[in-house]
There are 4 protein chains.
Amino acid sequence: MIYLNSDYTAGAHHRVLEALLRTNMEHTVGYGNDPYTAEAKELIRKAIGLADAEVMFLVGGTQTNATAIDGILARHEGVLAADSGHIAVHESGAIEASGHKVLTLPSYDGKVCAEDVDGFVAEFYKDETYQHMVAPGMLYISQPTEYGTIYTLSELEALSEVCHRHNIPLYIDGARMAYGLKAEGADFTLRDIARLADVFYIGGTKCGTLFGEALVVTNRALLKNLFPLVKQHGALLAKGRLLGIQFGELFRDGLYEDIGREAVQLAIRLREAFRSAGYTPAIESPTNQQFFRLPNEFIDRLRESVSFDYWGPRGESESVVRFVTSWATTNKDIDELVAQI
Amino acid sequence: MIYLNSDYTAGAHHRVLEALLRTNMEHTVGYGNDPYTAEAKELIRKAIGLADAEVMFLVGGTQTNATAIDGILARHEGVLAADSGHIAVHESGAIEASGHKVLTLPSYDGKVCAEDVDGFVAEFYKDETYQHMVAPGMLYISQPTEYGTIYTLSELEALSEVCHRHNIPLYIDGARMAYGLKAEGADFTLRDIARLADVFYIGGTKCGTLFGEALVVTNRALLKNLFPLVKQHGALLAKGRLLGIQFGELFRDGLYEDIGREAVQLAIRLREAFRSAGYTPAIESPTNQQFFRLPNEFIDRLRESVSFDYWGPRGESESVVRFVTSWATTNKDIDELVAQI
Amino acid sequence: MIYLNSDYTAGAHHRVLEALLRTNMEHTVGYGNDPYTAEAKELIRKAIGLADAEVMFLVGGTQTNATAIDGILARHEGVLAADSGHIAVHESGAIEASGHKVLTLPSYDGKVCAEDVDGFVAEFYKDETYQHMVAPGMLYISQPTEYGTIYTLSELEALSEVCHRHNIPLYIDGARMAYGLKAEGADFTLRDIARLADVFYIGGTKCGTLFGEALVVTNRALLKNLFPLVKQHGALLAKGRLLGIQFGELFRDGLYEDIGREAVQLAIRLREAFRSAGYTPAIESPTNQQFFRLPNEFIDRLRESVSFDYWGPRGESESVVRFVTSWATTNKDIDELVAQI
Amino acid sequence: MIYLNSDYTAGAHHRVLEALLRTNMEHTVGYGNDPYTAEAKELIRKAIGLADAEVMFLVGGTQTNATAIDGILARHEGVLAADSGHIAVHESGAIEASGHKVLTLPSYDGKVCAEDVDGFVAEFYKDETYQHMVAPGMLYISQPTEYGTIYTLSELEALSEVCHRHNIPLYIDGARMAYGLKAEGADFTLRDIARLADVFYIGGTKCGTLFGEALVVTNRALLKNLFPLVKQHGALLAKGRLLGIQFGELFRDGLYEDIGREAVQLAIRLREAFRSAGYTPAIESPTNQQFFRLPNEFIDRLRESVSFDYWGPRGESESVVRFVTSWATTNKDIDELVAQI
């Protein structure tokens, strides 16, 4: 069976696991105050080109989003997000549980546009009753998006500009950042992300670690007292070094980008194989997630040897399905899939 | 250097890590819906002797406490706990962050007593203004406690009885359960815990895993819809199987109790060595945590070769310090320490 | 100047104020445990025909909605509402502040339809990832709606049926209930409301009192411990009798319905005057709120002698405005307005 | 029957009620944007001698405390308060419901002392684990206290000094401020309160109005965006002018202080009558609340003609009871009570 359901179906990249093995019987202090975590933070600061950014490692994406957003927003503020955004749909109300409304914007294949952000904020303050409404206090975007698409550098610059013009911070959920950085045609770097966002996170769980996300705060005035906030959100790992060790491995010599590059290449091969066979992507994705509208019969046949996600029917005889590659996908997996197509 | 600061200074028990290694490149579905997690749940149900208990794996203790307590309590209720309880002191207000007050009871070396629980609840409902006050909605205890002490079976039975007489659930934080089950003189079993508590958790982080706690709900009416609640609290691990694999190893053939037994034996050796040298324990502890009041000069000398926790001054020339053994402590560590004493 | 901005621009109906005057120097116990409050609860129970409904008086609408919804929902649940609903738009995130998402449905002139509720719930549980999403835990509707429209009896019955089929309670915000009960063509009674809703409130602030809303719980299992919940939400009035005295007056001999009838008659006169002059209502409203699309020049002229609400531009030369009648509107007010049209 | 249970058993001072009557049929805009509210704010700014303080009127004490404290604190912070403080005991967990812990200090007849505040904060930051604990983010005191006592000017200055030295704001709950300002031996003024506190409120409900509290923010950077915060807390009155009209009356020509003076004089007469009869106050109170330890037989006899509060037994044959005067207490009431003693 070939597994292409998602990017969290296997364990960790072998180098990450080896690092955990190698250090297993060492003793260090807890809660991220160990040397491995310090080194990993330093490696990330170098990778983003900001020597004084704050870096904090958390365990998972939902808790990272909830912690950061809760810390950034004032009590009367909400967070702008695409109506398809992870925080708007798939986090069981974690944002609302910490007291904040998700203010949704239209999504275009998972992306929001600067014009809509500008319009929302401008209209909001024009409304005479705005003091009775939830104020837009920040913008959340995911890069890549939940639909595998990416923002171009100029789109990111436009979003950053409109946010800062309206004095609302830009937060980027980078759960799949590795696959975005090495996406087909990607014209942005991690340094651009760090320059344009106020706060963002670099995903580990889907990009080579067992678990873990690296929250980066470039605008430190926005998120003070991060340590107790993380603890309060139940997001502080006792053996914090496990996060430092894993991220240290990812950022020591380019492994993070290597993982992104290889998984994207496999995804593109998969996409082109479908395309050659006459199928059109449901969404034009340059990253490790590929969506296709396929005949139901074909889907049933594929299921015998491939595991993938079902996204819903399109008409009577077709459906949209999702294939996801990752650091754990092999050339052989794709060879076998291509043979099926 | 001998490390006796705490029970989370090293990685994982070698068998646990080997299990993670062995399964690393397998693909499974996420969020705990995999066969490893199913097996681990079944092993725990067998260990506690309750075939229909609900078992859910979470990542850490604070998030487990916050999720369970938030799920159990009604909005107007608070949780009774020792004033030294972990939720009352060291969770950065995670309980309050989900809207609930921690109602403190006096602690006796970390323990609460049934009389005080009874008295609190009885006095509460006698007060004419009780409707303006936070109602006691459940009792939280830790077994073993934060001070290394344990409740005897009869104490647990008395607490369970008083809780159920007043119709408030009993919740047990078992972060260090392994060391309690095998404590010197322990007269209770995991089956007793499961019989007497409504909800409890079996700690992994401090007892052999990299991370992870097994939340057990024996009174299932109290905590319905646990999955979305866990997700909402940011406590759902994407690669949920990592928890199942680790707990499967702990509960497959008695490893959990072996870990407890060995660490407690080392702690007792350490205690007796100090006692033989004329030092009296600051608290009489039968578990893996040992507290001693030592001369400051002796403390300074010990620090050169041993790492341990400082708990505070006692008079001008003495202080209380804590030594903690774990699955990662060796006979050699204790031999060397004893030699120093 | 004629004031038709809203139904809370004046004080209280003279009989309500006289009752407050008459009782001013009496002493009673606080927090609603006085005989006036007891009498008012009894009058409301008679008016709705349910001898064992729970009635609780709160001060304002937003706090009543937030308290009731927070008390009804489980932690992982949200509240379904029209996207134009008061809780979705104009309560500054009070629902989210208590931890719950507002799940929006399309609104048709302020109303939701049973089909959409049915569809939402059915689709929700069909989604394989529903456990990661906020579950629909109750339905909120306003009767009359924020746009002055009303649900017919059969629409209410359909909503009640679909809610109860899916086991989610129906909550009705009756901030302007008096004007709904006596709306043009209204075919439902307060008894119908009580029979079909699980929880609802009868508005006082906009219908004759200085302030106050009567929360009615017909399905008492849904909202236990209402007193401490109300206190916790800061919604418990110290001099609770002020609410009892006011609602006693409204419900002693039909004053509530008289207020509704008279204000609606004035609103219909106003509407027909506009219609005769060739203007079409922006929304067909049978209640005390009337919306018209008028030429901007006409609006400017009207403003010289009439105070009303501006709702937004329609094209370059027209806008939608709102006129609201209430117990404080007089025949003379409407005569003068009609003369202007 | 003479009513001395509490200071909220009657309606409003006749001048306040007359003002409501006089303005009843006027129309104004809602939510406190009317001229009466503007005037009342201006009168309060004059009374406190701070032309640019922000003043906001809310309905009740619990909601005022919850709104202000929630607005001032960061997410990881709690509020220091006497263990007898209203927020710690009698607000049904409203502070915790908004996510914050109440950190209790010992109370001395209802008061905290500057040394304890200093000690708490200093010890807190000395603790190596302080980042895992709830940080003291502000100090709450009540003036007068729940036990009728008052802070002297020098005590207030010491508290203000220690707070500002540690960079935590001082908040004063002035639910009974009128009776404090005119307390026997009071050496502070409203200007002192405004000078020493960062945020405080001037109570109306217990001091002459039907309801209402005036929240004053002298350190405006601490509580920005007060309007939506108040709305979100369900504390915004639709007919906001009712608060402005009432407070305007209290502050136009010294009525607030007159009310305080008269009620305190009556309380002192009552106290001295008991003292002359050989009874000692349970607490030495210079304000409108008087606590006495009386023989149970005497209590039973008094109950036949006087209504007062029972505070609890002291030994087998005595109990502590509370007598409270207010603007609604008359000389005749006290004459009759004195005759009984």
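Residues numbered from 1 in each chain as written. Chains lettered and ligands numbered in written order. Predicted model: local features only at pLDDT ≥ 70, side-chain atom pairs only at ≥ 80, totals over all residues.

### With respect to the sheet that holds strand β11 (residues 309-314) of chain A
All names here are of chain A.
- Pairing is antiparallel in the open sheet, where 3 strands are placed in the order β9-β12-β11. Edge strands, defined here as strands with exactly one partner in the open sheet, are β9 (289-295) and β11. Averaged over all adjacent pairs, the angle separating strand axes in this sheet is 25°, with direction ignored.
- As paired strands, β9 and strand β12 (residues 318-324) are joined by 7 bridges and run antiparallel to one another. The residue of β12 that forms the bridge with R293 is V320. (Pairing = 2+ DSSP bridges. Helix = DSSP H or I, 4+ residues; strand = E, 2+ residues; numbered from the N terminus. Axes fitted to C-alpha atoms, helices over the stretch in contact; angles between N-to-C directions.)

### Quick word on unusual backbone geometry
Residue and element names in this part refer to chain A.
- Looking along the chain, the bond that leaves Q143 and enters P144 is cis, with omega of -5°.
- Its identity as a non-glycine residue notwithstanding, S92 has a phi of 50°, on the positive side.
- Its place among the elements puts S92 in the loop between α4 (86-89) and α5 (94-97).
- Take S92: there are 29 C-beta atoms within 10 Å of it, and that puts it in the buried class. (Buried ≥ 20, exposed ≤ 12 C-beta atoms within 10 Å, placed from the backbone.)

### Digging into the interface of chain A and chain B
- Counting residues at the interface gives 41 residues for chain A, matched by 41 residues for chain B.
- The leading source of residues in the side of chain A that touches chain B is helix α1 (residues 14-23) of chain A, at 4 residues.
- Looking at side-chain class alone, the side of chain A that touches chain B contains 20 nonpolar, 17 polar and 4 charged residues. (Contact = placed C-beta atoms within 7 Å. Nonpolar A, V, L, I, M, F, W, Y, C, P; charged D, E, K, R; others polar.)

### Notes on the environment of A235(D)
- Its place among the elements puts A235(D) in the loop between α10 (226-232) and α11 (241-252).
- Sequence separation between A235(D) and L58(D) is 177 residues; the distance between their C-alpha atoms is 5.9 Å.

### Observations concerning the pairing of strand β8 (residues 213-217) of chain A
Residue and element names in this part refer to chain A.
- For β8, the buried fraction is high: 5 of the 5 residues fall into the buried class.
- In this structure, strand β2 (residues 54-58) lies alongside β8, joined through 5 bridges in antiparallel fashion. Opposite L58, over in β8, you have E213 as the bridge partner.
- Relative to β8, strand β7 (residues 199-203) is paired through 5 bridges, and the arrangement is antiparallel. Following the sheet pairing, F200 is matched in β8 by V216.

### A closer look at the interface of chain D and chain C
- Facing the 41 residues of chain D at the interface are 41 residues of chain C.
- Where the side of chain D that touches chain C is concerned, the elements lending two or more residues are α1 (14-23), α3 (61-72), α5 (94-97) and α10 of chain D.
- The element best represented in the side of chain D that touches chain C is α1(D), accounting for 4 residues.
- Here the residues of the side of chain D that touches chain C are counted per class, giving 20 nonpolar, 17 polar and 4 charged.

### As for the relation of the copies chain A and chain B
- With an RMSD of 0.0 Å, chain A superimposes on chain B once it is rotated by 180° and translated 0.0 Å along the axis. Viewed as a symmetry operation, the transformation between the two copies matches a two-fold axis.
- Interface overlap between copies is the fraction of interface residues in one copy that are interface residues in the other; for chain A against chain B it reaches 100%, indicating a shared surface. (Least-squares fit on C-alpha atoms with pLDDT ≥ 70 in both.)

### Re the confidence of the model for chain A
- Here chain A shows a mean pLDDT of 97. Residues at 70 or above account for 100%.
- Across the interface, the model reports ipTM at 0.96; the global pTM reads 0.97. (pLDDT = per-residue confidence, 0-100.)

### Overview of the pairing of strand β3 (residues 77-82) of chain B
All names here are of chain B.
- With 6 of 6 residues buried, β3 lies mostly within the body of the structure.
- Sheet analysis places β3 next to strand β4 (residues 102-105), joined by 4 bridges and oriented parallel. By the bridge assignment, L80 is partnered in β4 with L103.

### Things to note about helix α11 (residues 241-252) of chain B
Residue and element names in this part refer to chain B.
- If you check α11, its first and last C-alpha atoms are 16 Å apart, about what 12 residues at 1.5 Å a residue would give, namely 16 Å.
- Of all 12 residues making up α11, 11 are buried, and the element is well covered by its neighbours.
- Among the residues of α11, those classed as buried are R241, L242, L243, G244, I245, Q246, F247, G248, E249, L250 and F251.
- Each element contacted by the buried residues of α11 is listed here: α1 (14-23), α2 (35-48), β2 (54-58), β8 (213-217) and α12 (255-276).
- Just downstream of α11, G254 is the residue with a positive phi angle, here 85°. (Expected span 1.5 Å × (residues − 1).)

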